[in-house]
Every structure is written in structure tokens, then in C-alpha cells.
Amino acid sequence: MSQRGRHQESKTKLEISPSETMKAEEENYKEEDKEPKSEDWRPPSVFGAADLKNRAVGLYNIGQTCCLNSLLQVFFMNIHFTKILRRISVPVCGTQKKNNVPYQMLLLLEEMQRGKQKAVSPRELAICLLAHRVTMFVQYDAAQLFLTLWNLLKKQMKNPELVEKLSDLYTIGVQEHLACQICSSETKRNSSMLTLPVPLLDSGFYMLKTLEECLQCFFHPEELTGHNMCFCEHCGKKTPFRQCVKLVHLPQTLTIHLKRFCFGRSAYIHKISSCLPFPQDLDFNEVLTEQQCQAYDSEKAAWQYELFAVVAHSGSTSCGHYCAYIRSLTECKWYCFNDSLVEQVSWDDVKSTYGHSDLSWGQTAYLLFYMKKHPQ
Amino acid sequence: MAQWQEVQQLPPTHLERVHQLYTNAALPMTVRQSLADWIEDQDWQQAAEPFSSHARMLFHSLLTLLGEQLGSLGPGDEDFMLKHNLRKARIDLQAAFEEHPENFANLVANLLQEERCILRRAQAKGQVEAPPAPSTAPQSSQEREIQQRLAEFRTALQEAERAFRHMEDLQDTFDFSYKMYYLPGQDHSHDPQYAQHVQALQAKLQSLDRQRREVVAQIQQLLGRSETLRDFLQQELSAWRERQQRSCLGAPTDTCLLQLQGWFTALGEGLFQLLQLLRAVGELRQKVTYEQDPLQSELPLLEKRLQEQLTCLLQSAFVVEQQPCMPNTPKRPLVLRTANKFCTRARLLVRLHDRNHRMEANIHIDRDPPKTRGFRKFNILTSSSKTVLVGDSPREGLVCDFQYLTLKEQKGGGSGKGSRGSNEGPLAVTEELHLITFTLAYAYCGLELKLETSTLPFVIISNNNQLSSAWASVLWFNMLSPNPKDQQFFSTPPPAPWPRLAEVLSWQFQSIAERGLSREHLQMLAEKLFGSKPSPESALPWTKFSKDGAAGFSFWAWLDGILALLHDHLKQLWKDGLILGFVSRKQEKKLLKVKRSGTFLIRFSESMLGGVTCTWVEHPESGPPAFRAVVPYTAAELASLALPDIIRDYQLLAEENIPENPLLFLYPDTARDEAFGPYYSQRHEGILTKKKEYLNQRLIRVSSRQPHETWQTEEDLVVATEDLETLRLKSGGQQPESPGTVPGGGRTPGTPQAVSPGLQQAVVEGVVLQQAVAAGLGTQQPGPQVAVLPSPQQLGSGSIGVLQTGMGNLGPPVVLQLLQVGPGGQGVLPTGGGAIGPLLGSGAAELLLGNGAVGLLPSGLGDLEGLPLQEPELEAGAVQLEAAELLPTLDDSAVLLDPSDPFLPQPEDVALPATPSLFTADGDFPPLHIDASDFQ
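Think of each chain on its own: its residues are numbered from 1, step by step along the sequence as written. Each chain takes a letter, starting from A, and each ligand takes a number, starting from 1, following the order in which they are written. Totals for whole chains, interfaces and linings use all residues, but because this is a predicted model, local features are given only for residues with pLDDT of at least 70 and pairs of side-chain atoms are given and counted only at 80 or more. Computation of side-chain values covers all heavy atoms of the structure but excludes hydrogens and water.

Caption draft 1: Inspection of the sheet that holds strand β4 (residues 186-193) of chain A at higher detail. Residues and elements named next belong to chain A. By definition, two strands form a pair when at least two bridges between them are found by DSSP. Each helix is a run of H or I in the DSSP string that is no shorter than four residues. Each strand is a run of E no shorter than two, and both are numbered from the N terminus. Spatially, β4-β3-β9-β6 is the arrangement adopted by the four strands of the open sheet, whose pairing is antiparallel. Strands with a single pairing partner mark the edges of an open sheet, and in this sheet they are β4 and β6 (222-224). Averaged over all pairs of adjacent strands, the angle between strand axes in this sheet comes to 25°, irrespective of strand direction. Across eight bridges, strand β3 (residues 172-180) lies against strand β9 (residues 241-249) in antiparallel orientation. Residue V174 lies in a different strand from β9, and its bridge partner there is L247. To obtain an axis, a line is fitted to C-alpha atoms, over the contacting stretch when the element is a helix, and the angle between two such axes runs from 0 to 180 degrees between their N-to-C directions.

Okay, structure coming up:
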């Protein structure tokens, strides 16, 4: 059915292609007029960019924006995110529009979905980000930019309901435990994180073999002794502590940050390009032990994940390139978003981002986005 | 093939899709058909970009071409409809797209893409549906995937090149306009045209910039895909390496490199093409650059990434195609003997080279030798460098073939010969692993690399008798080493899991005799090794495999002995499955018990190196079935008489009965002659008319037994000896001689010589073995059984008798007779059961001595224990010479076979003293030292 269906679709598309652009543009104007009137306005489609009209759309690199482009594609391909984005309230005046990150993202998404072009330029969004003192046109760390972008989104979404939804979608709940080893007094602190920054090296500086091992290492208790000792109020002196992080809550879209950096001698940072396989299906109940979790069974039951996107980096720390491998949530096919080029790929291509110890310039996964299999 | 051509050849179902595609498309199929090639050559994708001037140009070119097409059609009626359709299409198109040619470009780009999509689907489906072509082996899905990815890579590369050419055009136009119109020094404030020019220039720069980013993105994408492709090739290559390693061990696998070479070359070609493209892009950057030029920042990265990939690809593409191997032992590569020539060959799978550059390959042995004490050092005597041969056919490829290499050991400073003594390392010579490394200075397209590859570790021996244990090391290493370069492997060799070992052992038989080991065979071997049914976790330590052995030799030595025997004498029988081979005694009885009398099977001796024997079953009128076996035949016997002939002519003598062949049916129930008929050697039927100077000779094997002896029952066999073999020389066709009629010939018994201690043979040289025992011996009572060496009727001077001395003893004597030894033929005297000494009473010894048989008798005879003389009377017809204890005279075997050694293994094939009294009488003589259950 799918083939036939898609074929029909494409035929229609070809047929109407000559005039649709104009129509769409008209619609666009109407939309803009209409939007302020009703906050609850919803577009008929809630798909991500690549899911609309059987063709994914690229984003032009407008000067070192490959990192931004990759992250935008990951946002846009996430239907749970676009659902939220489409409900934002539109700023009233022109300058506010220009400086509103969620709104500019929505405009870009609309442009991508509407267009007959293979790629669009994220120029307005880049200008908008510049206005928020996000330096553009420089090499970026994807994890850092993701955080910046997400915070801007959250800050500028006025609707508290949407803000909450956005937080629910991305934030991870953990509980930090700090226990004095002398008097056993324990302090707990709940905190939330946007990404799980997992190390690639264990405490003995040995390479970890799989993503699961990295996660285990992240949740492994750490003994704070010697220089790392903390001041214990009960004991009234510096004592050895045991520090550990317990997992409380996992969001719909889970972001894992592979810390592929290694501080060599003389503070020179180099990239770890060795192989780290990550699974397509990830069950946190199998990865973590009882002690490493602090959650109800109903919460834990939902900790079944499926790989959704990989932001891969090629090159060295000082000079490199990002691209995104994203699995379309509607078609269940993998796409590679390389700036303006979008290509359907296979899982084998995604696997090539595991890394190679003999390819220091090859592409390696840097951010992993997992999606909950059964949304709550 | 052009796309439209391919489309037209689609099967009907897919063609239907194409028709649907064009039914409502604004581009009529007529136009697509008429301008197929031109349409496919244009970059519509590019033109479809907004603000592209390209679109308008293409659109107008198309209209012009349509006009030309119309004009070229003749005035006749035949093309009437076509002309009409084209004309209509031209008008329609012009009307529809004149305003927005980029929409037209978009339309065509989409159509082309859809067509490709349909083609791809049809191909994918066709591959599934089409029955595998008979000529080519069915491709694995991985192979298909690689082919498809290579094709996609090439297409993408072409697209990138097209994009590059477009970029070149854009740059040229910009460059021209820039030089023409941009005059910053002057005042143009009042020149509106200048402002216009500058604006146009700005637009041109914009589109150039966009195109540059596009090209960069395409190259990024290509590099990403090629990484996946390289991963695939790498997987295939490691699979090949594994296959090669297995094939070295004798596994029947395909180690052809042609397909891999094709793939590596294709990817290499693509990457080098990309490298050239990158350089061309770099040249364009040299000419025009601007602020935020994407080439400025991206090019170095792309170049580094590409070079790294190329380096990686080439590095892995340099492989040792043929592991070092001596031509005279092709089935056992990786064992090299000093001063013997050997060959090895390396190949570069990326078949790209610069004809002007002479590539030279070098080899080094043990470039980084392990720092082990006593590690021998070798020199390669012959030239260690060679120019890489470049053949034009793909079969030849880039090959460096070293054919006549020899090795010589470096003697340490001053220590000279025998230096190993003091300098002895922890490892035996056959456990010392060496490596040869190939290096190749590769240069192509400005990329210069030093490629390197290593052979698998090999063992260097200096004597052929080390070959067997060296091969054991090679087996162990390649079976178990996780690291193919680990020269220290034998410092702590891991044990071999049984399933893996079983497979490798089977390959040995497969490669030497073209038939592997069956499940039953392996079951028997496993029980022999592990004493029980093997579990998947059973593992055999290296020492138990190659060094220790209860029988005085290791498991491997035993198995290799059988392999040698198979290779030299029994290949065909083994290949055709006539030899059951590995059967335990217990199993053997189970198999034969239910078969009719005279059913026999052929199996390998477990007690001696390289022996094969027949066991048959007889069902006496009353009592349990009896099983008999002859003393194993070894290479020595089989060299003079092939096993099928032995079986055909084998005679069992029972007194007063006509000798009969007890071997009637090959297990399970094939008549003997039916089973072995094809293998009998041709009998030379004499031509009757021709006057014969000599009678024909024929060698047959005979055993005899006494009529009243009781067959041993199955139970008895556990401890009892089975067969006694003595030897007789007898002229052809004659009845066994009766005692007393043996003429006394020259009584000079030969001196037994050790041929091979392990085989327990003695050659009697230059002596006519005649009756060694006085005629009166037969009357001796109670006398030991004595093997009789009756004189052959025809005795050329210097002819040598063949003696097979089974141990005379109390069991049923099975006398093996050699009928008519050819004159001058060398006889071999295998002594059957060397372990049985204590047979002779002192009287017998005297008697023997008195009869001049002294030369046959060991000096140690005096040590022999007296034989409990409860032996029945010697039969009138059986005058037998006690061939007691020849072995102690054989110096080399004395240690091995010292009968007084309580730990001496009692090989079960060997005739043992039958009466329980023997065991009780002789304290030095332990009962079977192996658990009796092993044999049952």
C-alpha cells in the first residue's frame, strides 16, 4: 500500500507543483494574519519536516552552521516537539517576531514543509539567535548549542503549559546522593538535566566498550577521597564521601551526550575517535541496577527506548563538521541530513558513526537521541 | 545505459508506474522520449533552485531543441502524430512555464528522480524474484548491498562532478563580471548603471557561494557514505582473512580475491577521483575567495578526511595472498625448513598504479622479534626486494610474488654450532613463531604511502622429522590465537575447545585424503581424549595434544601417523568410506556382534603409530560371538602389499582344514569382493603360450590357529591377548610344511636391525632365513611356541626373508605366513608384540640357542622369565619358532619397550599373554594399565 500511496502522492505533487508555491505563499500571508487571532490555531499536519510530502528538506549551511542545522533537523523531525512548537503564541510586533526563537523556528519549519526546494536557508533564525548573543558562524559544540537553543526556546515560550510540555519532553530527573563515609549522614538533591553526559573512559582511563557500559559508568558511585574530600557538617571536618547519581525520571526524548574528549597532557584537548557501539533499542531496566534507580515501577516500565537520531561529528576538536542521522518517526526510515543534502540511508550508515580507532577524521556519534517506545 | 533506455526495458508492472507518472505530468512523454539524452545530461536539480538563471537557460534550450527536432522530421506522413504531439507540447510548455522556468526545472528534476526510484525498485525486486543465474554463484545480501552501494557512490560522484562544473561556470561568469565591472577606485556615485552592475555582481557571488556550499555538502555526504562502504569491504576482507586462515589449516574454502579486488579497486578509484575533484575545487578557491568562503574552512577538513580514508583503504588492501609455503609440502603451509625454498605472495587489492612509478616491495623476517631468550634469528638468503608486477588482466592485479626464498639461521657471535644448548629459550623450536613483513612504497595521484602487511606466523624447522610437530603448532595457533601476529603465543598456549578442535582435525583428513571425519569418528576421538562424551566446554590443553601421551607418543603424533598412512597407502579406501577407521573396541564389538560371521571392519590401531587392522566376527555354534583382529599393518607392510590385496588373499589356517579367508563381508554387509573388487591390483595371468622361466609370485598374508583352541569370548577379550602372530615363509601354493621336513638351510639368522623403533620392526638383512629351529623342536614338550622360519623353496642367494614375528604365546596362535618371498626382495621383520618377553622356559632358550638361532635372540634373553609351561602340545603341523623378545636388542626401542617397566603401556592391539596366570605369575607385568572400560 505504501508504495502505491506514495506514488499517488508524488504524482499529485508533480501535477500541482507549478502553481503551488504561489498558493502556499499566499497561505503563508494569510496564516500570519490569522495567527494572532487565535492562540489555539493548529495546522492540519503535525508531522516533522521530512515527514511531510515524502521529501525531507535540507538546510543550507550559511557559514559554519552545520551544527545548528543538524540540531534543527533533530528538533523538526521530532513530532512531539513540533506539536508543541505549533502551539506557540505569535509575538505581536515585528521586532519581537524577529527576536523570538520559537517563532523563527516555526517559520523555518513552515518554509521547509511548504517548499518545493531541496533546501532552505536558516538565515532569519541565525540572525535571531545572533540577537540573543549566540555567536554564529563559528565552530560549535553541538551539546552546548543544543542546551543554548533549548533554553532560549523555553524562555521565550510564553505559554506555561507549553513550557511544561517542553520540559517534560526533554528533561531527565536524577537524584544526587552524597554520603559521608564516617558518620553515614546523607544528603539528597533532586535535579534535572537536559542530556546525560556519559564518559567514554572509565575511572581507570580504559575505553568503555559499549554505550550501556558508559551509562553504567555514569551511574556508578564515586568515592571522594584525598583531595576530593568534602566538609561534613556532622563530623565537622573534611571526610571521605561517596557520591552517586540515581535515575528518577526519563523523558520522552532522551538525549545522551558522548564525552568524546580527552584532556591530554598540557591541557590539549583531543577527540576520542575509537569505536563505541550504541544499540537501536535500549532498555534502561537492563542497563541499570536497582540501586542506580530511584523510580516507581510504572515509571521504569516505560524506560524502553528506540534510537531516534544521531548527531555525528567528523574532524578534530578545532575543525570539523556535523551532520545528523535521523529516523523518521512516521516512515521508520533513516535519513542523513548533511546541510542542504538529505539522503535516505540505512542502519549500516548510522553504524558507521560508531567510530574507528584508525580514522581520526571520520564521523563519530556525538549526541544520541532516544525516543520512548510507548509514550505515556 | 541511459536512464530512459533502462526505463523502457522495465517489466510491465513497473512500466505501468512510468505511464502513470507521465499521464498527468506537464512534461509529455513524447518530449521525454525525443530529448532523452539531453534531458538526462542537464542538472535540473541545480536549475530548480530559486533565483537560478540556469532554469531559464535550460527551458529555452529545451524549446529550441524541440523546434530542431520538429524540423528534422521529414515532411512525410509517417511521423504525423509525433510531429503533432511535439508541436503541441512545445506550445503548452511555453505557455505554462515561460514565467517560472524554475518550476519547470523542478518538475523535470522530480520526474527524473521518480524514474530512478522506479528503476531501483524494479531492480531490487528483480533481484529477489529472478532465479539465481546458473553461471554465477548466488550473491549474498551483503554482496548485493556492496554492489548497490558502489553504484550509488559512483552516481553521487558524478553528481558532485556535475555540481562542480556548474560551480566552475558560475565562478567564471562572476570572475569575468568582477574584472569587467568592479572598479572600486573611481567615483560612481552618479552612475546608476554601475550600481546595477555591482548589485548583479553581488547576486552572482551569492549564487557562487551557495554552489560552493552545495559542492562541499555533496563531498561531505560522499565521504560519509564511503565510510559505510569501507566498513562493508573491511568486513568482507576480514571474512576472507578468516577463510584464508582456515584454508591454511586444510578447510575446503574459497580464497579467491578477485571479487574483493574488484570492490576495493572500485572504491579506490572513486576516492581518488574525489581527491582530484577536491584538488580542482582547491584551485578554484585559489582564483576567487571571499569572506566566509566555505572552501576556506571546509577544504582542509575534507582533504584530511579523504586522505585518511584512502590511506586506510590502501593499508588494508595490501594483503598476503599466499602464506609462506614450501612447494614440496603444499598441504602444510607455514612450516618452513631452512635451506629449502619456499614462496609467498602479496597483493594490493586496489589495482591502481602509476605506470611511471616503479613500485618496489620488500620483505623482512622478524622485524620486531620477541625478546625471548634463545629466539633464533634468520636471514633471507635470496633477494628480499622485488618490483611489483603489473598485469593488465584483473586476474593478475598488483602482485609481488616471492618464489625462491630460502632461510638461513644466523649464528650468534662466536657461539657457533650447538649454541642453542646454553642459549636454550623457553620454547621448543617448533613453538617458535616467525613473521615475514611485506612493505610497499605506494604512490598514486600524488598520494605517497608506505604500505605494510604481515604473513601469519610460521615455524622454521631444520629437519623433516620436526614437520609433524611444527604443523601441530601451526594448527594450534591458527585455531586459537586471537591476534594473528602474536609471536609469543606458545608462551601460554590456550586449550582448544573440543568443537573447534574437532573441526580442524576433520579438515586434516579432508585435505589429505579428501574425506573428513564423521560424527562417529569424532565421538571416538573425544572419548579417547576426554574419557567421556565431550561437552561443549571440553577443552584440550596444548601439552596433551602435542606432547604427553600414555602410549609413548602424543595424540597428535598418533593421528599424524594415521594421516601419513592414509596419504601413502589408503587414500582411495578412506575417500570411498571403506575404512571405518576410528572405532573403539567397545563400539567395534557392538557393531559386529549383530552381524553374520565373517563380517569385518577396518580400523586404525590405537597402540601404534600409523597402523591399520581388520577385525572380524565369528559366531561359534555355541557361546557368544568371537572377535578377531590381525596385528596392525603399517606402512612397511602396505608398501609391499596393498590393503585390498591383503584382504582378498588373507588366509586363516586351521589345522586339517583348508585355509579359508575369514573376511567375507565388509561391515555392514557388503560382500568382500564387491566392496574391494575395484581396488584389487591386477593379477598377472601368465600368457599360457609363453614359455615361463619362473613361476609367478604372489604375496599373501596368512594367520593360523589351532583347531582345538577356544575362541575367546567377548568377555575374555578384555584381558586376553587376541592374536598371536608368527611368521612363516613358505613357497607359493604349498601346504604348510610339516615339522621335520624343513630342510636345514644355511643357519645364519640375520641380525635384526632397528628400522624405526616406533614401528617395532626389524630387518633381517642379507640372510636366508631358514629353519631356525631344529627339526626336532616339534617334539619338544612342553615347549614354547616357536615361530618357524621354514626355508623357502626357491632361494636366490642373498634373498631376504621377511619375518613377522608375532609374539609367541599361549593365546590362539594366529600364524601369519608369507608365501614365497621374491628372490632378492628385502624382507621386513615386524615384531608383533614387542612387549611380551617372558615366554621361554630356560629349556627353550637352550634349545633355541642350540639351534643356531642365537642371532635372532636378544642378549637379554637370559633375563626373560620362565614361561609357565602349561601350553598344550605343539601341534604336529606347527613347528614354530619362538620369536621371543627380539626387541631388547633394538637399542632404540629398548627404553620405550622395556618389558620390565611397570608403566609401559600395554597397547591393546598387541598380542598379550593370554592366560591369567601370566599376569599373576609375572609381577612386573601389570595388567592393562589403561582403564579396561576404554576398550570395551
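Caption draft 2: Representation of the packing of aromatic side chains in the model. Residue and element names in this part refer to chain A. What counts as a ring pair is set by centres within 6.5 Å for rings of Phe, Tyr and Trp (its six-membered ring), and what kind of pair is set by the plane angle: stacked under 30 degrees, edge-to-face over 60, tilted for all other angles. Applying the stated criterion to the full structure yields 41 aromatic pairs over all chains. Here F75 and Y170 contribute two aromatic rings whose centre-to-centre distance is 5.9 Å and whose plane-to-plane angle is 70°, an arrangement assigned as edge-to-face. Remark: Y170 occurs in helix α8 (residues 160-170) and F75 occurs in helix α2 (residues 66-76); sequence separation between them is 95 residues. Think of it in three bands: residues with accessible area under 20% of the maximum for their type are buried, residues over 50% are exposed, and the middle band is partly exposed, with areas taken using a 1.4 Å probe on protein chains only. Given the relative accessible area of 1%, Y170 is considered buried.

Caption draft 3: The environment of F375 of chain B, seen in detail. You can see F375 of chain B is positioned in the loop between β4 (360-365) and β5 (378-380). Excluding its chain neighbours within four sequence positions, the residues that come into contact with F375 of chain B are D366, P369, P370, E432, L433, H434 and Q487 of chain B. We call two residues contacting when some pair of their heavy atoms lies within 4.5 Å.

Caption draft 4: Structural view of a nonpolar patch on the surface. Taken together, the side chains of F261, F263 and I269 of chain A make up a nonpolar region of the molecular surface, amounting to roughly 290 Å² of accessible area. As for its position among the elements, I269 of chain A is in strand β12 (residues 269-271). Candidates for patches are residues over 30% relative accessible area with no salt bridge; among them, like charges are joined within 9 Å and nonpolar side chains (Val, Leu, Ile, Met, Phe, Trp, Tyr) within 5 Å. Accessible surface area values rest on a Shrake-Rupley calculation with a 1.4 Å probe, where residue burial reflects the displayed protein chains alone. The salt bridge criterion pairs a side-chain nitrogen of Lys or Arg with a carboxyl oxygen of Asp or Glu, the two atoms within 4 Å.

Caption draft 5: Local environment of the UniProt feature "coiled-coil region" (unreviewed entry) in chain B. UniProt positions are given in the numbering used here, feature names are shortened, and annotations may be inferred rather than shown by experiment. Under the local residue numbering, the UniProt record ascribes the feature "coiled-coil region" (unreviewed entry) to residues 198-225 of chain B. The span residues 198-225 of chain B is 100% helical and 0% strand by assignment, and the distance between its end C-alpha atoms comes to 40 Å.

Caption draft 6: Broad picture of the pairing of strand β16 (residues 334-338) of chain A. All names here are of chain A. Counting buried positions over the five residues of β16 gives five, a clear majority of the element. Alternating residues of β16 divide into W334, C336 and N338 and Y335 and F337, and every residue in both groups is buried. Between strand β15 (residues 320-327) and β16, which pair antiparallel in sequence order, lie six residues; one of them, C332, sits at a positive phi of approximately 60°. Of the pairings in the sheet, the one linking β16 to strand β17 (residues 341-345) comprises five bridges and is antiparallel in character. When the sheet's bridge partners are listed, Y335 is paired in β17 with Q344. With antiparallel pairing between neighbouring strands as the criterion, β16 and β17 make up a hairpin whose turn holds two residues, including D339 at a positive phi of roughly 50°.

Caption draft 7: A look at the packing of helix α5 (residues 101-114) of chain A against helix α7 (residues 142-156) of chain A. All names here are of chain A. The geometry of α5 relative to α7 is characterised by a closest axis approach of 8 Å and an angle of 105° between their N-to-C directions. One finds that α5 runs roughly perpendicular with respect to α7. Between α5, through V101, P102 and M105, and α7, the contact on the second element is made entirely by L152, L153 and Q156. Each residue is assigned to one of three groups, with Ala, Val, Leu, Ile, Met, Phe, Trp, Tyr, Cys and Pro labelled nonpolar, Asp, Glu, Lys and Arg labelled charged, and all others, Gly among them, labelled polar. Across the contact of α5 with α7, the residue classes break down as five nonpolar, one polar and no charged. Angles below 35 degrees are treated as roughly parallel, those above 145 as roughly antiparallel, those between 65 and 115 as roughly perpendicular, and all remaining angles as oblique.

Caption draft 8: Summary view of unusual backbone geometry. Residues and elements named next belong to chain B. The phi torsion at D366 lies on the positive side, around 45°, for a residue other than glycine. Topologically, D366 is positioned in the loop between β4 and β5. Residue class for D366 comes out buried when judged on its relative accessible area of 10%. Residues other than glycine seldom take positive phi values, yet E514 does so here, at roughly 60°. Judged by relative accessible area, which is 42%, E514 ranks as partly exposed.

Caption draft 9: Fine view of the environment of G362 of chain A. With respect to the element layout, G362 of chain A can be found in the loop between α12 (347-351) and β18 (363-372). Of the residues examined, G362 of chain A reaches a relative accessible area of 4% and is grouped as buried. It is 8.0 Å that separates the C-alpha atoms of G362 of chain A and H313 of chain A, two residues lying 49 residues apart in sequence. For G362 of chain A, the contacting residues outside a window of four places in its chain are K271, H313, S314 and G315 of chain A together with E227, R305 and E308 of chain B.

Caption draft 10: How the structure looks around the interface of chain A and chain B. Across the contact, 47 residues belong to chain A and 42 residues belong to chain B. Interface area for chain A against chain B, summed over the two sides, is near 4,100 Å², with a carbon-plus-sulfur share of 49%. Between D349 of chain A and R149 of chain B there is a salt bridge; the shortest N-O distance is 2.7 Å. Side-chain atoms alone can form a polar contact between residues adjacent in sequence; in general such a contact is a pair of N or O atoms within 3.5 Å, and within protein one must be able to donate a hydrogen while the other accepts it. The interface formed by chain A and chain B includes 16 residue pairs in polar contact (both at pLDDT 80 or more). Elements with a contribution of two residues or more to the side of chain A that touches chain B: α1 (2-34), β14 (304-315), β15, β16, β17 and α12 of chain A. Among the elements that take part in the side of chain A that touches chain B, α1 of chain A stands out by supplying 12 residues, more than any other. Classifying every residue of the side of chain A that touches chain B by side-chain character gives 13 nonpolar, 22 polar and 12 charged. Once two parts are put together, the accessible area they lose, assessed with a 1.4 Å probe and summed over both, is termed the buried area.

Caption draft 11: Focus on helix α12 (residues 294-317) of chain B. Under the 1.5 Å per step criterion, the end-to-end length of α12 of chain B is 33 Å for 24 residues, consistent within 8% with the ideal 34 Å. The N-cap of α12 of chain B, judged by a side-chain oxygen 3.0 Å from the amide nitrogen of L295 of chain B a few residues on, is D293 of chain B. Given the number of residues in a helix, its expected span is that number minus one, multiplied by 1.5 Å.

Caption draft 12: Region of the structure containing the pairing of strand β18 (residues 626-629) of chain B. Residues and elements named next belong to chain B. Of the two faces of β18, the one carrying A626 and R628 and the one carrying F627 and A629 are both buried. In terms of strand pairing, strand β17 (residues 611-618) meets β18 through four bridges, oriented antiparallel. By the bridge assignment, T615 is partnered in β18 with A629.

Caption draft 13: Structural context of helix α18 (residues 555-575) of chain B. Residue and element names in this part refer to chain B. End to end, α18 covers just 23 Å across 21 residues, shorter than the expected 30 Å (1.5 Å per residue, more than 12% under). At H569, α18 shows its maximal kink, close to 90°. G577 sits one or two positions beyond α18 and adopts a positive phi of about 80°. The bend at a residue is defined as the angle formed between two axes, one fitted to the seven residues ending at that residue and one fitted to the seven starting there.

Caption draft 14: Quick look at the sheet that holds strand β8 (residues 398-405) of chain B. All names here are of chain B. Pairing within the open sheet is antiparallel, and its four strands lie in the order β1-β3-β8-β7. Lying at the two open borders of the sheet, with one neighbouring strand each, are β1 (318-325) and β7 (389-390). Pairing of β7 with β8, which is carried by two bridges, proceeds in the antiparallel orientation. Along β8, the bridge assignment pairs L389 with V399. Where α12 meets the sheet, its contacts fall on β1 and β3 (342-348), and the angle it forms with β1 comes to roughly 15°.

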